[in-house]
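Secondary and tertiary structure notes
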Amino acid sequence: GENVEQHPSTLSVQEGDSAVIKCTYSDSASNYFPWYKQELGKGPQLIIDIRSNVGEKKDQRIAVTLNKTAKHFSLHITETQPEDSAVYFCAAGNAGGTSYGKLTFGQGTILTVHP
Amino acid sequence: DAGVTQSPTHLIKTRGQQVTLRCSPKSGHDTVSWYQQALGQGPQFIFQYYEEEERQRGNFPDRFSGHQFPNYSSELNVNALLLGDSALYLCASSLGWFDQPQHFGDGTRLSIL
């Protein structure tokens, strides 16, 4: 089955700096890669997603890049703010395939943004 | 526009008991997926329901079962509870089971004593 590795497990940055979180996946059939932000006591919130027919996607301060050949995808947050502090999860799935619903998650990255 | 709602928010049970958790999908969504999130870990897929049928299942034992109702809401049942079943149980909904984003509720925190 699919396996998703996420690094780093913790990330500490100063307000205004950029943050990068990286994930690798094992199943070449995976073609859908969402990123979720989870705050304390809350469920995961979808912040951005990318499909394998696109190499990069941006939404204001957040961007995701995908390298299908290397099976890598990354989350980039620019101009970080204290409210960006949370746990971030990457995931992989097979959109349009029979196993789509089964998202496989990484272990999470605890991002701390210091004022 | 109501998001995914789950009940109860917290639950305490003892080993061997049975539990039922409930989920109402986001308005307009017809597919419900259930995940288990152990402390400090990413969510793990349990199963997914669409058109009142289990469409996908993860690596969970038969003690975990579910149901989807005609109004798209869903239940997760766990029998013969073990200490290791203590976790946050998350429900996610989507439109169709094929390729639309999944949106999560805030979960039910289940503690087994």
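The following paragraphs examine the structure supplied in this document. (Residues numbered from 1 in each chain as written. Chains lettered and ligands numbered in written order. Predicted model: local features only at pLDDT ≥ 70, side-chain atom pairs only at ≥ 80, totals over all residues. Heavy atoms only, no water.)

1. Some remarks on the overall build of chain B
Within chain B, the regular secondary structure consists of zero helices and eleven strands. If you list the helices and strands of chain B from N to C, you get β-β-β-β-β-β-β-β-β-β-β. Taken over C-alpha atoms, the radius of gyration comes to 13 Å for chain B, in line with the 13 Å a tight globule of 113 residues would show. Its C-alpha atoms give chain B principal-axis dimensions of about 40 × 25 × 25 Å. Considering only intrachain contacts with a sequence separation of at least 6, the fraction spanning at least 24 residues in chain B is 54%. For chain B, the separation between the mean place of its 8 positive charges and that of its 11 negative charges on side chains is 11 Å. (Helix = DSSP H or I, 4+ residues; strand = E, 2+ residues; numbered from the N terminus. Rg over C-alpha atoms; globule rule 2.2 N^0.38 Å. Contact = heavy atoms within 4.5 Å. Lys, Arg positive; Asp, Glu negative; His and termini not counted. Charge placed at Lys NZ, Arg CZ, Asp CG, Glu CD.)

2. Looking at the overall build of chain A
Scanning chain A for helices and strands turns up zero helices and eleven strands. Listing each helix as α and each strand as β along chain A from the N terminus yields β-β-β-β-β-β-β-β-β-β-β. Across its three principal axes, chain A shows a C-alpha extent of roughly 45 × 30 × 20 Å. Each of the 115 residues in chain A was classed as buried or not, and the buried ones make up 47%. Counted over contacts in chain A with a minimum sequence separation of 6, partners at least 24 positions apart contribute 55%. Accessible surface, chain A: about 5,500 Å² in total, of which carbon and sulfur atoms supply 47%. (Buried < 20%, exposed > 50% of the residue type's maximum accessible area, 1.4 Å probe, protein only. Areas by Shrake-Rupley, 256 points an atom, 1.4 Å probe, with all protein chains shown as cover.)

3. Here's the deal with the nonpolar core
Ranked by size, the top nonpolar core spans 24 residues in total, and within it Trp35(A), Phe73(A), Leu75(A), Tyr88(A) and Leu111(A) carry the most contacts. Apart from the residues within four sequence positions on either side, Tyr88(A) is in contact with Gln6(A), Ile21(A), Tyr36(A), Lys37(A), Ile47(A), Leu75(A), Ile77(A), Gly108(A), Thr109(A) and Leu111(A). Core analysis: the next-biggest nonpolar cluster, separate from the first, contains 19 residues, Val4(B), Val32(B), Phe47(B) and Tyr49(B) among them. (Core = buried A, V, L, I, M, F, W, Y, C linked by side-chain atoms within 4.5 Å.)

These figures capture arrangement, not role.
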